[in-house]
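A look at the structure
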Amino acid sequence: MLDLVKDTLRRKKIRKFASRIPTGFIPLTDTSTVNVVVDVEDPGFDMLREEILAWGRRKGLKVCIYFLDFRKIGKDELLLTSINTTILKRELDWLGTPDLSKVMNLLGEQSDIFISLVGNGDFTIDFLGKCAKSRFKIGRYEYEGHPYDMVFTGEQAEDRQHGPLLIFRAITDFLDKVR
């Protein structure tokens, strides 16, 4: 019964904040801003972050990375990322919605490309994907509601260490080819 109530309230929350911006393929030549969502728990996270930032510099794009960090962090531990763009588990409400002050730029300002490198369909990433004000949305996980214009899947068991990095490289290779 609780799951039914949660699902109903989640759908209502997404309807309230859902992006109304039409989406579709756009070339990098028509792009100036990119928002990327990354899971801090993914293996090779540091390499992935550096690769994203380097790609943005090479292409002359303003890149903002949002981090999902759902690890249990002790009092003496430090965050690996900026507190302003990191969504912590304790900052989610009981539905799984992130603190809106953390994601206001993502939900409030239009960007050109939204890339989710999170390999699951949890409500938090579902909410961000459907509510991001972007003209072209790319994700790693297909789920109900089809928020993404393009989905890159795959992660070979033997290459779990570099899975998100390889998917990001595939995404950027594709974006370089779109004219």
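Rules used throughout
Residues numbered from 1 in each chain as written. Predicted model: local features only at pLDDT ≥ 70, side-chain atom pairs only at ≥ 80, totals over all residues. Heavy atoms only, no water. Helix = DSSP H or I, 4+ residues; strand = E, 2+ residues; numbered from the N terminus. Contact = heavy atoms within 4.5 Å. Areas by Shrake-Rupley, 256 points an atom, 1.4 Å probe, with all protein chains shown as cover. Lys, Arg positive; Asp, Glu negative; His and termini not counted. Charge placed at Lys NZ, Arg CZ, Asp CG, Glu CD. Phe/Tyr/Trp six-rings, centres within 6.5 Å; stacked < 30°, edge-to-face > 60°. Buried < 20%, exposed > 50% of the residue type's maximum accessible area, 1.4 Å probe, protein only. Patch = residues over 30% accessible without salt bridge, like charges linked within 9 Å, V, L, I, M, F, W, Y side chains within 5 Å. Salt bridge = Lys/Arg side-chain N within 4 Å of Asp/Glu carboxyl O. Axes fitted to C-alpha atoms, helices over the stretch in contact; angles between N-to-C directions. Parallel < 35°, antiparallel > 145°, perpendicular 65-115°, else oblique. Left-handed = near helix turned anticlockwise from the far one by under 90°. Nonpolar A, V, L, I, M, F, W, Y, C, P; charged D, E, K, R; others polar. Pairing = 2+ DSSP bridges. Right-handed = clockwise from strand over helix to strand, strands pointing away.

In terms of helices and strands, the protein chain carries five helices and six strands. Listing each helix as α and each strand as β along the protein chain from the N terminus yields α-β-α-β-β-α-β-α-β-β-α. Here the C-alpha coordinates of the protein chain stretch approximately 50 × 40 × 30 Å along the principal axes. Here the contacts in the protein chain between residues at least 6 apart in sequence split such that 61% fall between residues at least 24 apart. Carbon and sulfur atoms make up 51% of the accessible area of the protein chain, which totals about 9,700 Å². Taken together, the 28 basic and 27 acidic charged side chains of the protein chain have centroids lying 5 Å from each other.

Before going further, it helps to examine the packing of aromatic side chains. Enumeration according to the criterion identifies eight aromatic pairs in this entry. Relative to Phe136, the ring of Phe25 has its centre 5.2 Å away and its plane inclined at 55°; by these criteria the two rings are tilted. Of the two residues, Phe25 sits in the loop between helix H1 (2-17) and strand E1 (33-39) while Phe136 sits in strand E5 (residues 134-139), which places them 111 residues apart along the sequence. Judged by its relative accessible area of 0%, Phe136 is buried.

Quick look at a nonpolar patch on the surface now. Judged by side-chain polarity, Met1, Leu2, Leu4, Val5, Leu9 and Trp94 come together as a nonpolar surface patch covering roughly 670 Å² of accessible area. For Met1, the position within the fold is in the segment before H1.

Axis separation between helix H2 (residues 45-59) and helix H5 (residues 163-177) bottoms out at 9 Å; the angle between their running directions is 15°. Compared by their axis directions, H2 and H5 come out roughly parallel. Regarding H2 and H5, the two cross each other, and that crossing is right-handed. Contact with H2, carried on its side by Met47, Leu48, Glu51, Ile52, Trp55 and Lys59, involves Pro164, Leu165, Phe168, Arg169, Thr172, Leu175 and Asp176 of H5 and no other residues of that element. Here the residues of the contact of H2 with H5 sort into eight nonpolar, one polar and four charged.

Glancing now at the pairing of strand E2 (residues 62-69). Most of E2 sits inside the fold, with six of its eight residues counted as buried. Direction of pairing for E1 relative to E2: parallel, over a ladder of seven bridges. Bridge assignment links Val34 to a residue of E2, and that residue is Val63. A crossover connection joins E1 to the parallel E2 through H2; in handedness this β-α-β unit is right-handed. As paired strands, E2 and strand E3 (residues 86-88) are joined by three bridges and run parallel to one another. Counterpart to Leu68 in the pairing with E3 is Ile87.

Another aspect to go through is the side chain of Thr97. Residue placement: Thr97 occurs in the loop between E3 and helix H3 (104-108). Taking the relative accessible area as the measure of exposure, Thr97 reaches 3% and is therefore buried. The residues touching Thr97, leaving out its near neighbours within four places in the chain, are Lys13, Glu91, Leu92, Phe123 and Phe127.

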